[in-house]
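# Chain and residue survey
Here is what each chain is made of, one letter per residue.
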Amino acid sequence: MTKPFIRNHQYNLIKKLANQLQNTCNTVADRKVVEAVRHSVQTRILETFHDAMDVQKQMVEQVSTLTKAEEFQHYLNSLEQHVEMFKPVTEMQLKKLFPKVKKLKAPNLAAIDYRYVTYLGWNDIATNRKYIIYHLNDRLVGTEGRFTLVSKKSVCFLCNRHEEVALYTAVTKFKPANASPDYYKAIGNYVCVNSETCNKNITNVAALETFLHAVTGDRYL
Ligand SMILES: [Zn+2]
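Quick caveat, the model's predicted, so the values are computed rather than measured.

Scanning the chain from terminus to terminus reveals seven helices and five strands. Its helices and strands taken in sequence order, the chain reads α-α-α-α-α-β-β-β-β-β-α-α from the N to the C terminus. In terms of its C-alpha atoms, the chain occupies a principal-axis envelope of roughly 65 × 40 × 35 Å. Buried residues in the chain amount to 40% of all 221 residues. The long-range fraction of contacts in the chain, counting pairs at least 24 apart against all pairs at least 6 apart in sequence, stands at 61%.

As structure tokens, then:
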């Protein structure tokens, strides 16, 4: 058995593509159309797992060959054992990430199922702050920002889905060489209010990683 290699966002992508293919199999009679969808599913999967081992690629691309609802269900269940969990964190690590925050309101870490976590995010309603932490190239990084609720649903910049969002504003630590001492630049994005929902939706980490590079100011993490 290979060791866990599917990250949460990749598992979400497989589930999403499995759903699309299953719907196509159920509703489309034209074989050519079904074959085209199978091909596109396989391509998307192989793109995401481009640096995986051959045996791992074979395992994940198998989704493109399935047809019946029970096959998809069985297959997705069997993949769960290969999901690589988010490396658990301690309250001490969180405090070290945010040394300037006097009374850090950490989430209940014992209650988290780390298998379904791409990034750990939580809100402190009392201070209107949102915290996001992530293992970026094996280094734990975190950011905190102002969190302003908005009254309508919008597209979250991390999971790209239409959800209940808040405007999340973080100050970047990156300073141009000729910047004045009081220079600061804030980056604002709409992000899911509920990070658990966002972690169930997210299928790609590019936006998250770009954002974290920008706010931590370290391009070479
Ligand atoms: Zn989201």
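From this point on, the discussion continues.
With their axes 10 Å apart at the nearest point, helix H1 (residues 8-27) and helix H2 (residues 31-48) run at an angle of 175° to one another. Judged by the inter-axis angle, H1 sits roughly antiparallel to H2. For the pair H1 and H2, the contacting residues are Gln10, Leu13, Ile14, Leu17, Leu21, Thr24 and Cys25 in the first and Val34, Val37, Arg38, Val41, Arg44, Ile45 and Thr48 in the second.

Turning next to H2. Its 18 residues give H2 an end-to-end C-alpha distance of 26 Å, which sits within 8% of 26 Å, the value for a rise of 1.5 Å per residue. Among the structural elements, H1 and helix H3 (54-61) are those in contact with the buried residues of H2.

All chains considered together, the criterion is met by four salt bridges. Of the charged contacts in the structure, one is a salt bridge between Glu91 and Lys95, with a shortest N-O distance of 3.9 Å. Of the two residues, Glu91 and Lys95 are both situated in helix H5 (residues 91-97); the distance of four residues between them amounts to about one turn of the helix. A relative accessible area of 41% means that Glu91 is categorised as partly exposed. Assessed through its relative accessible area of 44%, Lys95 is described here as partly exposed. Of the charged contacts, one joins Arg129 and Glu144 as a salt bridge, the two residues approaching to 3.0 Å between their closest N and O atoms.

Within the protein, the atoms that donate to the zinc ion are Cys156 (SG), Cys159 (SG), Cys192 (SG) and Cys198 (SG), at distances of 2.3 to 2.4 Å. Of note is the zinc ion, whose four donor atoms meet at the metal with angles of 104 to 116° in an arrangement that counts as tetrahedral.

Not every positive phi belongs to a glycine, and Asp138 is a case in point at roughly 70°. Locating Asp138 in the fold gives a position in the loop between strand S2 (129-136) and strand S3 (139-155). By relative accessible area, Asp138 is classed as exposed at 71%. A positive phi angle, close to 70°, is found at Asn160, a residue other than glycine. Checked against the element boundaries, Asn160 lands in the loop between S3 and strand S4 (162-172).

Before going further, it helps to examine the sheet that holds S2. Pairing in this open sheet of five strands is antiparallel, and the strands run S1-S2-S3-S4-S5 from one edge to the other. Of all strands in the sheet, those with a lone pairing partner are strand S1 (120-124) and strand S5 (185-192), marking the two edges. Shown here is a sheet whose adjacent strand axes are inclined to one another by a mean of 30°, direction ignored. Alignment of S1 against S2, held across five bridges, turns out to be antiparallel. Within the sheet, the bridge partner assigned to Trp122 lies in S2 and is Tyr131. In the packing of helix H7 (residues 206-216) onto the sheet, the strands contacted are S2, S3, S4 and S5, and the crossing angle to S2 comes to about 105°.

Cut-off values and rules
Residues numbered from 1 in each chain as written. Predicted model: local features only at pLDDT ≥ 70, side-chain atom pairs only at ≥ 80, totals over all residues. Heavy atoms only, no water. Helix = DSSP H or I, 4+ residues; strand = E, 2+ residues; numbered from the N terminus. Buried < 20%, exposed > 50% of the residue type's maximum accessible area, 1.4 Å probe, protein only. Contact = heavy atoms within 4.5 Å. Axes fitted to C-alpha atoms, helices over the stretch in contact; angles between N-to-C directions. Parallel < 35°, antiparallel > 145°, perpendicular 65-115°, else oblique. Expected span 1.5 Å × (residues − 1). Salt bridge = Lys/Arg side-chain N within 4 Å of Asp/Glu carboxyl O. Donors = N, O, S within 2.8 Å, 3.2 Å for Na, K, Ca; no water. Tetrahedral: all angles 85-135°; square planar, octahedral: opposite > 155°, others 65-115°. Pairing = 2+ DSSP bridges.

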